[in-house]
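In case you want the letters, here they are:
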Amino acid sequence: MSKRKRIFSTPTRTICISFAIIILAGSLLLMLPICNKDGQMISFLDACFTATSATCVTGLVVFDTFTQFTGLGQGVILALIQLGGLGFVTFSTFFSVALGKKMALRSMQLAQESFNTFDINDVTRLVKFIMAMVFTVEFAGALVLSTTFIPKYGLDGIWISVFLAVSAFCNAGFDILGREGAYASLINYNDNPTVLITIALLIIIGGLGFIVWNELLNYHKTHKFMLHTKVVLIVTAILLVVGTLGFMAFEWNNPETMGPLPTEQKVLSAFFQSTTLRTAGFNSLDFATMFDITKILSIILMFIGAAPGSTGGGVKVSTFAVVLMTVVSVVKGREDTQILGRKIDKKVVYRALAIIIISLFVVGVATCIIYLTSNPGGVFSGVDIMLEVVSGFGTVGVTSGVTAAANAITKVVLILSMFIGRVGPVSLAISLTMSGSNKRNQVIPEGKIIVG
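Small disclaimer: the values here were computed from a predicted structure and weren't measured.

1. Focus: unusual backbone geometry
Next, step 1: Although it is not a glycine, V57 sits at a positive phi angle of roughly 45°.
Next, step 2: Looking at where V57 falls in the secondary structure, it is placed in the loop between α3 (44-55) and α4 (65-68).
Next, step 3: In this structure, Y183 is a non-glycine residue whose phi angle is positive, near 60°.
Next, step 4: Relative to the helices and strands, Y183 resides in the loop between α9 (156-169) and α10 (193-208).

2. Examining the packing of aromatic side chains
Next, step 1: Summed over the entire model, instances satisfying the criterion amount to six aromatic pairs.
Next, step 2: Between W159 and F163, the ring centres sit 5.8 Å apart and the planes meet at 75°, which makes this aromatic pair edge-to-face. Of this pair, W159 and F163 both sit in helix α9, separated by four residues, roughly a single helical turn.
Next, step 3: For W159, a relative accessible area of 27% puts it in the partly exposed group.
Next, step 4: Since its relative accessible area comes to 0%, F163 is described here as buried.
Next, step 5: The ring of F66 carries K37 above its face, with NZ or CZ at 3.6 Å from the centroid.
Next, step 6: Geometry around Y153 places R179 over its ring, the cationic atom sitting 5.2 Å from the centre.

3. Some points on helix α14 (residues 263-276)
Next, step 1: Here α14 contains 14 residues, and its C-alpha end-to-end distance of 20 Å stays within 8% of the 20 Å for a straight helix at 1.5 Å per residue.
Next, step 2: Of all 14 residues in α14, 10 are buried, a share of seventy percent or more.
Next, step 3: The set of residues buried in α14 consists of Q265, K266, L268, S269, A270, F272, Q273, S274, T275 and T276.
Next, step 4: The inward-facing, buried residues of α14 abut α10 and α13 (227-251).

What counts as what
- Residues numbered from 1 in each chain as written.
- Predicted model: local features only at pLDDT ≥ 70, side-chain atom pairs only at ≥ 80, totals over all residues.
- Heavy atoms only, no water.
- Helix = DSSP H or I, 4+ residues; strand = E, 2+ residues; numbered from the N terminus.
- Phe/Tyr/Trp six-rings, centres within 6.5 Å; stacked < 30°, edge-to-face > 60°.
- Buried < 20%, exposed > 50% of the residue type's maximum accessible area, 1.4 Å probe, protein only.
- Lys NZ or Arg CZ within 6 Å of the ring centre and 35° of its normal.
- Expected span 1.5 Å × (residues − 1).
- Contact = heavy atoms within 4.5 Å.

Next up, the structure:
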């Protein structure tokens, strides 16, 4: 096997490498003086951090996007967000289909891995649906947002609306509202339900996943849902409700966050924060001033994340559901994991457990490194640092202020966390292992071990 074929020997490895190439190209572009308002080159590390955050649709920033980058620089970031949100494989597959090229089996396997679809024969139709849905939803979102931003900023409001719509649908969390104050995000829009509800809906739509939306829009034909769709919809609804009630309970009287707001704005803001923690990264409240109990709730929501095959991150709602129901099944003395009356394949259970364990390991190690090397004098608490790490790993983008004060070590750790979180911890682990081994077919003697 040639060196090139070994490098791209598996779909997961190809996807990981494609993300790395996009990040490198974006970093080099963002370094250019023409992309920066001060006309100076920024460091490669800062450019790489920004490009990684955009490509991994995270939203953590070392610079305020509006005050640092020119229109061209903002355009590069938006392109990285769109590419990262959908994946390079999605775009390349779409153009192959649009040009009438017949897809090779390897290309279809790569697309199947990228889309997280069950049926390889469904790839061509699905990619057409994805591209049509993406641009339709983003256009509709930009249209609604423009009713607020065009009257406020004139023609510049068009660019703001488009940027926010794409960023929200791709669950990125980047904004160009720094003209209202550096790192302001949506803090000035708690009294504007049009903006907050539109952004929230875009986040939810992007976070449900294209497989789910394909089923929802074809329900009138099939009159049934796959188990995957049912699980995603149920868990998503539960997390949104729990998150909203949690924010209302913990932050209702906090004078630094929801305390001064009228009742209706408190409810809307709590719902918005619960939604944005599904991996979007916008914020209408200052996370640095929230109570620790609220930050812990945020960490849990960010770690779980959105659905597979979506523009969101985290360990995914279906992964969480499988692990949770495995525990329930063990407690009830069942041999197999069951969800909604269906037995789950053990391979799926093992993969879900691997994702959770590796993710916890990555978050734990990253938190310890930053705490020990980048927190002199204990400026930030362990909860603040963990929130920042999980925000990066879950590709969320909310911040407690750690990124703004980050040194080189913290930036590198967060870059790696964002990359691992976006491509998936198990996918990355698989891509780094050697392929072609036949050891999986070996018969291994059974051993006895006591647990519990």
